[in-house]
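Examination of the molecular architecture
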Amino acid sequence: MSDDSDRTGADGVDWDARAAAFDDEPDHGLRDPSVRAAWADRLRAWLPGRAGDVLDLGCGTGSLSLLAAERGHRVTGVDRSPAMVALAREKLAGRDAVFLVGDAAAPPVGEQRYDAVLVRHVLWTLPEPGRALRHWRGLLRPGGRLVLVEGVWGTASPVGIPADRLTALLAPLAGRVRLERLSQETALWGKEVDDERYAVVAVPD
């Protein structure tokens, strides 16, 4: 995947070019112990209690993958940026984790099934989010769950996916949908935010 169209996501960003500095953001690199602890607490609540197989789509440099692996989960990470994947492999060296270059909307995982599909700040960039959600549901084992962290950023020209739209897309796909508002959870972001941020945990019927 070496040409510009492969490195650049649907949001128009060249993520290979961003990879080296990606972890500088508090909620990306999780270098601040309090931010790291906040995300670890959330993942503890969102992911299955027992060790299982977690698919981290749009995994970036693997920070959430690392937290999941530390909980005993076996992690498969997918990102379209080879530079991001290389950093994730380095970050999780020696862990029970595999990282693949590929499209989050249609990850290259064959017939594998997972106990959780974890996706943070990716769905809003996809041209057909409903189709992606249906595909991800098909990657779950019985009793598995989708863990989706999304939001809407900016005021003049906002981008993202509002919580009400995402829950509407999930309604025909999942029997249980839990929405958690995260805008006021400054520990997660390492700063105060005034935009819409949230998580949805969905368990299909």
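Look up: the structure comes first, before these words.
Here's a quick rundown of the structure. (Residues numbered from 1 in each chain as written. Predicted model: local features only at pLDDT ≥ 70, side-chain atom pairs only at ≥ 80, totals over all residues. Heavy atoms only, no water.)

Things to note about helix H6 (residues 82-91)
- Regarding H6, the residues found buried are Met84, Val85 and Ala88. Along the axis of H6, the buried positions cluster into a sector of 100°, meaning they face one direction only.
- Each element contacted by the buried residues of H6 is listed here: helix H2 (15-22), strand E2 (74-79) and strand E3 (97-101). (Buried < 20%, exposed > 50% of the residue type's maximum accessible area, 1.4 Å probe, protein only. Helix = DSSP H or I, 4+ residues; strand = E, 2+ residues; numbered from the N terminus. Arc of directions from axis to C-beta. Contact = heavy atoms within 4.5 Å.)

Quick word on the packing of aromatic side chains
- One pass over the full model with this rule turns up three aromatic pairs.
- Their ring planes at 75° and their centres at 6.3 Å tell us that Trp39 and Trp46 sit as a pair that is edge-to-face.
- A relative accessible area of 0% places Trp39 in the buried class.
- With relative accessibility at 0%, the residue Trp46 sits in the buried group. (Phe/Tyr/Trp six-rings, centres within 6.5 Å; stacked < 30°, edge-to-face > 60°.)

Side note on the environment of Arg50
- Relative to the helices and strands, Arg50 resides in the loop between helix H4 (33-46) and strand E1 (53-57).
- Separated by 40 residues in sequence, Arg50 and Glu90 have C-alpha atoms that sit 26 Å apart.

Describing the pattern of salt bridges
- Inspection of the entire model under this criterion finds 13 salt bridges.
- Of the charged contacts, one joins Glu196 and Arg181 as a salt bridge, the two residues approaching to 3.0 Å between their closest N and O atoms. A residue pair is termed long-range when its members are at least 10 positions apart, and Glu196 in strand E8 (residues 196-203) and Arg181 in strand E7 (residues 176-181) qualify at 15 residues.
- Of the charged contacts, one joins Asp195 and Arg197 as a salt bridge, the two residues approaching to 2.8 Å between their closest N and O atoms. Each member of the pair, Asp195 together with Arg197, is buried.
- Ionic contacts of the salt-bridge type, sharing partners, join the residues Arg42, Arg178, Glu180 and Glu185 into one network. (Salt bridge = Lys/Arg side-chain N within 4 Å of Asp/Glu carboxyl O.)

Some words on the environment of Lys191
- Within the secondary structure layout, Lys191 lies in the loop between helix H9 (186-189) and E8.
- We classify Lys191 as partly exposed; its relative accessible area is 41%.
- Each C-alpha atom of the pair Lys191 and Pro26 lies 8.3 Å from the other, and the pair is 165 residues apart in sequence.
- In this structure, Lys191 is in contact with Glu25 and Thr186, ignoring residues within four places of it in sequence.

Some details on the pairing of E2
- Along E2, five of the six residues are buried, which leaves the element largely enclosed by surrounding structure.
- Strand direction decides the pairing type here: E1 and E2, joined by five bridges, are parallel. Its bridge partner lying in E2, Asp56 is registered against Gly77.
- In the classification by handedness, the crossover that spans E1, the intervening helix H5 (residues 63-70) and the parallel E2 is right-handed.
- In this sheet, E3 lies alongside E2 in parallel orientation, the contact comprising five bridges. By the bridge assignment, Val75 is partnered in E3 with Ala97. (Pairing = 2+ DSSP bridges. Right-handed = clockwise from strand over helix to strand, strands pointing away.)

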